[in-house]
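Observations on the three-dimensional arrangement
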Amino acid sequence: MAQSNSAYLPQPFLDMINQAMPASLSLDSFIAACHRPLRRSLRVNTLKISVSEFLLLVEPYGWRLTPVPWCAEGFWIERDDDTLPLGSTAEHLSGLFYIQEASSMLPVSALFYGQDRPQRIIDMAAAPGSKTTQIAAHMGNKGAILANEYSASRVKVLHANISRCGISNVALTHFDGRVFGAATPEAFDAVLLDAPCSGEGVVRKDPDALRNWSYESTQEIASTQMALIDSAFHALRPGGTLVYSTCTLNPAENQQICFWLKARYPDAVEIEPLNDLFPDAKRAVTPEGFLHVFPQIYDCEGFFVARLRKTASVEPLDKPGYKLGKFPFVRMKSAAAEQVTRAAAKSGLQVTNALTLWQRDKEIWLFPSEIEPLLNQVRFSRIGLKLAEQHNKGYRWQHEAVIALAKANNPLCFALTTAEAESWYRGQDIYPETSVLSDEVIVTFQGQPLGLARKVGSRLKNSYPRELVRDGKLFTTQISG
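These lines cover the structure that appears in this document, whether it is placed above or below. Counting of residues starts from 1 at the beginning of each chain's written sequence and follows it residue by residue. Local features in a predicted model are, by the rule used here, given only for residues with pLDDT of at least 70; side-chain atom pairs are given and counted only at 80 or more, and totals for whole chains, interfaces and linings are based on all residues. Note: side-chain values were computed over all heavy atoms of the structure, leaving out hydrogens and water.

**What to know about the overall build of the chain**
Counting its regular elements, the chain contains 15 helices and 22 strands. Counting only C-alpha atoms and orienting by the principal axes, one finds that the chain spans roughly 70 × 55 × 35 Å. Looking at the 481 residues of the chain, the share that counts as buried comes to 56%. Only heavy atoms enter the contact rule, under which two residues are in contact if any of them lie within 4.5 Å. A sequence separation of at least 24 residues applies to 72% of the contacts in the chain between residues at least 6 apart. As displayed, the chain offers around 20,800 Å² of accessible surface, 51% of which is attributable to carbon and sulfur atoms. Just so you know, the count uses Lys and Arg for positive and Asp and Glu for negative, and it drops His and the chain ends. For this purpose, a charge sits on NZ of Lys, CZ of Arg, CG of Asp or CD of Glu. Of note, the chain has its 49 positive side-chain charges centred 8 Å away from the centre of its 50 negative side-chain charges. Counting from the N terminus, the helices are DSSP H or I runs at least four residues long and the strands are E runs at least two residues long. Relative accessibility decides the category of a residue: with a 1.4 Å probe and only protein chains considered, values under 20% of the type maximum give buried, values over 50% give exposed, and everything between is partly exposed. In short, Shrake-Rupley with a 1.4 Å probe defines the accessible areas, and a residue's cover is counted only from the protein chains shown.

**Overview of the sheet that holds strand 1 (residues 41-44)**
Spatially, 2-3-1-4 is the arrangement adopted by the four strands of the open sheet, whose pairing is antiparallel. Among the strands making up the open sheet, the edge pair consists of strand 2 (64-68) and strand 4 (97-99). Neighbouring strand axes in the sheet, compared pairwise and without regard to direction, differ in orientation by 35° on average. Strand pairing requires that DSSP identify at least two bridges connecting the strands. When strand 2 meets strand 3 (residues 71-78), the two strands line up antiparallel, connected through five bridges. What sits directly across from Arg 64, in strand 3, is Glu 78. Strand contacts of helix 3 (residues 51-58): strand 1, strand 2, strand 3 and strand 4, with the helix running at about 15° to strand 3, the strand carrying the most contacts. Each axis is a line fitted through C-alpha atoms, and for a helix only the stretch in contact is used; angles between axes span 0 to 180 degrees, taken between their N-to-C directions.

**As for the pattern of salt bridges**
Salt bridges are defined as contacts in which a side-chain nitrogen from Lys or Arg sits within 4 Å of a carboxyl oxygen from Asp or Glu. Within this structure, the stated rule accounts for 28 salt bridges. The closest approach of N and O atoms between Glu 400 and Arg 382, which form a salt bridge, is 2.5 Å. Of this pair, Glu 400 sits in helix 13 (residues 399-405) while Arg 382 sits in strand 16 (residues 382-383), and the two are 18 residues apart along the sequence. Given a relative accessible area of 8%, Glu 400 falls into the buried group. For Arg 382, a relative accessible area of 23% corresponds to the partly exposed category.

**Considering the environment of Gly 143**
Locating Gly 143 in the fold gives a position in the loop between helix 6 (130-139) and strand 6 (144-148). By relative accessible area, Gly 143 is classed as buried at 10%. For Gly 143 and Ala 354, which are 211 residues apart along the polypeptide, the C-alpha to C-alpha distance reads 6.9 Å. Once you skip the residues sitting within four places of it in the chain, Gly 143 turns out to touch Gln 119, Asn 169, Pro 368 and Glu 370.

These values are about where atoms sit, not about what they do.
Written out as structure tokens, the structure reads:
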């Protein structure tokens, strides 16, 4: 047994790693990397701010940001004063960045490698949302993403992250990913399968990740991964791209899964090499063109990424046995939709052509148009954005729609001071220092919408959702300091 003050590394695991690593890497360097603290990293959310604007915004904080080579929006971050958690900074709360491990940015970079610009994508194991939000930023909120999560408890976290980042083109499902090949045959331009795995690459973040590791358990996981990649391949249209990734290191869950798919469909699977995905990628590329990232190569978590092309149709799977039930939404007729769109614009919310209006009782929703062909093929937990609730006096606009659709240059925006913005996130009403001219305003901070507020006397009534309200240390000390 390897002795360690941090990561638990069982000897059978190290024996396997020693066999799996290329000759250019040593086991000693692998063990040393596993015992080093993991570098923190973030990804700028370009749906809300450009990278250059973000760097200018955070410059006063003294953050040292080192670019991640495979993601133009990704940075490793070092801070002298880290008493304020990154998740409590104003920029994180308003969705300007996502805290994401650098190597986990690789699969989406591989998905958009080359000339491909897919319009309908499925993220088959999406929570907590790092890759879904990264895909949405690449798509510019156009097209549609079906974000699936098997774990019910993680669907809520997934939605919260999508909402915080101002994303409007996502539909959520809650299924075992093995259903999609049968339920949505050849429906997607691209598929991301970041597969459940043994997590061997995450020991720098979770020192006990390998406590229950065994060769047998990796074989069991691999059988599930085969079923998932088969489903993913059937859900992909001919000509489309499948990215398969894991945060583990053993070949049984990585290369062997891709070889299994290639052997199963020899005339329909093409492996697309990732040698030129980024400068210096060759240090992690296998002879077949997969990325097998051991932690000592780029000083990050261990990861595996493969990019596969579907070159032909394959025999369809049997249809799933579940019933869809009656779809509870009705598409709004054009006159009614125009009325809602005009009313939204008066409140500073811009509805784009990529979204269509649907109604369920008094609720009005915006669906990404690209998802509509799938409405009769799969059950959705949530589609797009809830725009408004209709009542006798008009519409009650919803928080997630304000975050996604409000632009800082409209006349209804009301800028908060640093102290007022912190009060907003704490769920407190605002007593603004300057006079409020409208009965309803979009409160902003750093040019970003924080929510909708109504003027009641001399105060602005806080509408920040109760489940998002924060307490503890927030960002005033960072910004004022």
